[in-house]
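Fold and geometry: a report
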Amino acid sequence: MATRPAALAAAAGVAVGVVVGAALSALWRRRKRAAEQVNESTIRLMTRVAIESGAVNLSQGFPNEPPPREMACAAAGALLCGASADSAAAAAATLEATGPRAEETDALNQYSFPYGAPELRRAVAKYYAQRFPGAFAYDADENITIVAGATEGFAACIRALAEPGDVIAFFEPCHELYPSQLALFGMLPRAVTLTAHETDWSFDAAELEAALRGARLFLFNDPHNPTGHRFSSAERRLIVKLCRKHGVLIVTDEIYEWILYGSDIDVHEPLAVLDPENVVIVSSISKTARATGWRIGWVVASAPRTQRIRAVHDQLVACVATPLQIGVARLLEMDKARFADLRGEYQTKRDVLGAALSKAGFDLGPEPKGAYYWFVGYKGVPQLQSLDPLAAAMIMTREYGVACVPG
């Protein structure tokens, strides 16, 4: 009789093991099916095949006729004279009266390919080939996806390259986008601390490695928002090495690549130069072209990852504004000195703002070396020192007329 409870316990253990094993297997199959079920829209696939084949396209609902001329002129007025709604309307009226008449057929006000107009994808490929010759070879058809700004680019990458429950690592302080999108997709944030010193910021290599263990992605922003830190060559190589060691894919946020200060690192170099197969680039023209309302960006990745990113992007936004893609293609064809001029412009603004903040009693901390933010302390300002960050930001905005982001 003494052996009966033990036998029952053993049988129960086997049963529990079978149930747990079956549950884990089912969970794995469900996760795998979830990733496989997100595909390019069949409707838009048939449109692409129709164009390639010269077929009459009855698969997708879009017209051949142009949009109302008044609407197009109003948009053009806003593009050319965007200081106010009134100035845009005045320009639109002039265009309506004197501008070119609409053609009988139209293509550039309709859907582009979901992953972007060919003109812009080719321009992005050429942009990287010219900036970093020999570092990597990106193909417009295989590696580049045009997205609705870096925000959507990150959302598409995160959902395409990770699953709910996965751990995603990043440095903090950070843009609020990172933890918010991870929460939206049911993923687990794991932050690595950037520590301020007198003249710069740093991170602890052991803390970074611990955060990467078991992580799926590492989100990396350089120049860094909001600290203005520019990662040194040694830091960048260490990040790439540790991510490779722990099988973690890097997704980089490159939108401040032209807003750089100082002469120690004159040219921004994406991490993809060091490890093109394990890095996905996300960038946009919002900051470099002073066009945050256009919402045009791109994702550059290996061909297999690009297929998954395009599938998610297709289901999120279908495509981004076709006429604006043509404008961005023209921008990327221009002399890159136009972008380099941003340095002096923003450095002047940085210095003016920094002097004013210091005079008011704010602790400036390390001087930003890139991007366009000051990450300051307010405990030296008598009117704010007893408040929490949100309350201090509200007082700053409502009573002193200067809006800021609480940290």
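Residues numbered from 1 in each chain as written. Predicted model: local features only at pLDDT ≥ 70, side-chain atom pairs only at ≥ 80, totals over all residues. Heavy atoms only, no water.

Some points on the pattern of salt bridges
- As enumerated under the stated definition, the model contains twelve salt bridges in all.
- For Lys 369, the salt bridge identified is with Asp 200, shortest N-O distance 3.2 Å. Pair noted here: Lys 369 is in the loop between helix 13 (342-359) and helix 14 (389-400) and Asp 200 is in the loop between strand 3 (188-196) and strand 4 (201-203), with a separation of 169 residues, a long-range link.
- According to the relative accessible area criterion, Lys 369 is partly exposed, its value standing at 22%.
- Connected through shared salt-bridge partners, Arg 290, Glu 345 and Lys 349 make up one network. (Salt bridge = Lys/Arg side-chain N within 4 Å of Asp/Glu carboxyl O. Helix = DSSP H or I, 4+ residues; strand = E, 2+ residues; numbered from the N terminus. Buried < 20%, exposed > 50% of the residue type's maximum accessible area, 1.4 Å probe, protein only.)

Quick word on the packing of aromatic side chains
- Going through the model one piece at a time under the given rule, you end up with 22 aromatic pairs.
- Ring geometry for Trp 258 and Phe 339: centres 5.3 Å apart, planes at 40 degrees, overall tilted. With a gap of 81 residues between them, Trp 258 in the loop between strand 6 (249-253) and strand 7 (279-284) and Phe 339 in helix 12 (residues 337-340) connect regions that are remote in the sequence. For the pair Trp 258 and Phe 339, a shared accessibility class is recorded, and that class is buried.
- The structure contains a cluster of three or more aromatic residues connected by ring pairs, namely Tyr 127, Tyr 128, Phe 132, Phe 136, Tyr 138 and Trp 298.
- The aromatic ring of Trp 258 is capped on one face by Arg 131, whose charged end is 4.1 Å from the ring centroid. (Phe/Tyr/Trp six-rings, centres within 6.5 Å; stacked < 30°, edge-to-face > 60°. Lys NZ or Arg CZ within 6 Å of the ring centre and 35° of its normal.)

Let's talk about the sheet that holds strand 6
- Spatially, eight strands are ordered 1-8-7-6-5-2-3-4 in an open sheet, and the strand pairing comes out mixed. If you trace the sheet from one side to the other, it starts and ends with strand 1 (144-147) and strand 4, each paired once. Sheet twist, expressed as the average angle between the axes of neighbouring strands with direction ignored, equals 25 degrees.
- Bridge count for strand 7 against strand 8 (residues 297-300) is four bridges, and the pairing is antiparallel. When the bridges of strand 8 are listed, Ser 283 appears paired with Trp 298.
- The strands touched by helix 6 (residues 149-161) within the sheet are strand 1, strand 5 (215-221), strand 6, strand 7 and strand 8, with strand 7 carrying the most contacts at an inclination of about 155 degrees. (Pairing = 2+ DSSP bridges. Axes fitted to C-alpha atoms, helices over the stretch in contact; angles between N-to-C directions. Contact = heavy atoms within 4.5 Å.)

Overview of the packing of helix 8 (residues 205-212) against helix 9 (residues 233-245)
- Between helix 8 and helix 9, the least distance of the axes is 10 Å, while the angle of their chain directions is 30 degrees. The angle between helix 8 and helix 9 falls in the class roughly parallel. For helix 8 against helix 9, the interelement crossing comes out right-handed. Taking contact as the criterion, the partners of Ala 205, Leu 208, Glu 209 and Leu 212 in helix 8 are, on helix 9, Leu 238, Ile 239, Leu 242, Cys 243 and Lys 245.
- Among the residues making up the contact of helix 8 with helix 9, the classes are represented as seven nonpolar, no polar and two charged. (Parallel < 35°, antiparallel > 145°, perpendicular 65-115°, else oblique. Left-handed = near helix turned anticlockwise from the far one by under 90°. Nonpolar A, V, L, I, M, F, W, Y, C, P; charged D, E, K, R; others polar.)

Focus on the confidence of the model for the protein chain
- This prediction gives the protein chain a mean pLDDT of 89; 87% of its residues lie at or above 70.
- For the stretch residues 8-12, pLDDT sits under 50, and the model shows zero contacts to residues farther than four places along the chain or on other chains.
- Between residues 14-21, whose pLDDT stays under 50, and residues either more than four places distant or in other chains, the model counts zero contacts. (pLDDT = per-residue confidence, 0-100.)

Quick look at the packing of helix 6 against helix 10 (residues 303-317)
- Following both chains from N to C, one finds helix 6 and helix 10 inclined at 120 degrees, their axes separated by 8 Å at the closest point. The angle between helix 6 and helix 10 falls in the class oblique. The two elements helix 6 and helix 10 meet at a crossing, and its hand is right-handed. Every residue of helix 10 that contacts helix 6 at Glu 152, Ala 155, Ala 156, Cys 157, Arg 159, Ala 160 and Leu 161 is listed here: Arg 305, Arg 308, Ile 309, Val 312, His 313, Leu 316 and Val 317.
- Taken together, the residues of the contact of helix 6 with helix 10 sort by class into nine nonpolar, one polar and four charged.

A word on helix 3 (residues 69-80)
- Over its twelve residues, helix 3 runs 16 Å from end to end, which matches the ideal 16 Å to within 8%, given 1.5 Å per residue.
- Elements in contact with the buried residues of helix 3: helix 4 (85-98). (Expected span 1.5 Å × (residues − 1).)

Observations regarding helix 14
- Spanning twelve residues, helix 14 covers 15 Å between terminal C-alpha atoms, matching the ideal 16 Å at 1.5 Å per step.
- Buried residues of helix 14: Ala 392, Ala 393 and Met 396, and no others. Seen along its axis, helix 14 keeps its buried residues to an arc of 100 degrees; they face one direction. Exposed side of helix 14, more than 90 degrees from the buried face: Arg 398 and Glu 399 are the residues found there.
- Residue Asp 388 occupies the N-cap position of helix 14, its side-chain oxygen lying 3.1 Å from the main-chain nitrogen of Leu 390. (Arc of directions from axis to C-beta. Polar contact = N/O pair within 3.5 Å; in protein donor to acceptor, adjacent residues only side chain to side chain.)

A short note on the pairing of strand 5
- The element strand 5 is largely enclosed, with a buried count of six among its seven residues.
- Two elements, strand 2 (residues 167-172) and strand 5, share four bridges in a ladder whose sense is parallel. Within the sheet, the bridge partner assigned to Ile 168 lies in strand 5 and is Leu 217.
- As judged from the five bridges shared by strand 5 and strand 6, these two strands associate in the parallel manner. Opposite Leu 219, over in strand 6, you have Val 251 as the bridge partner.

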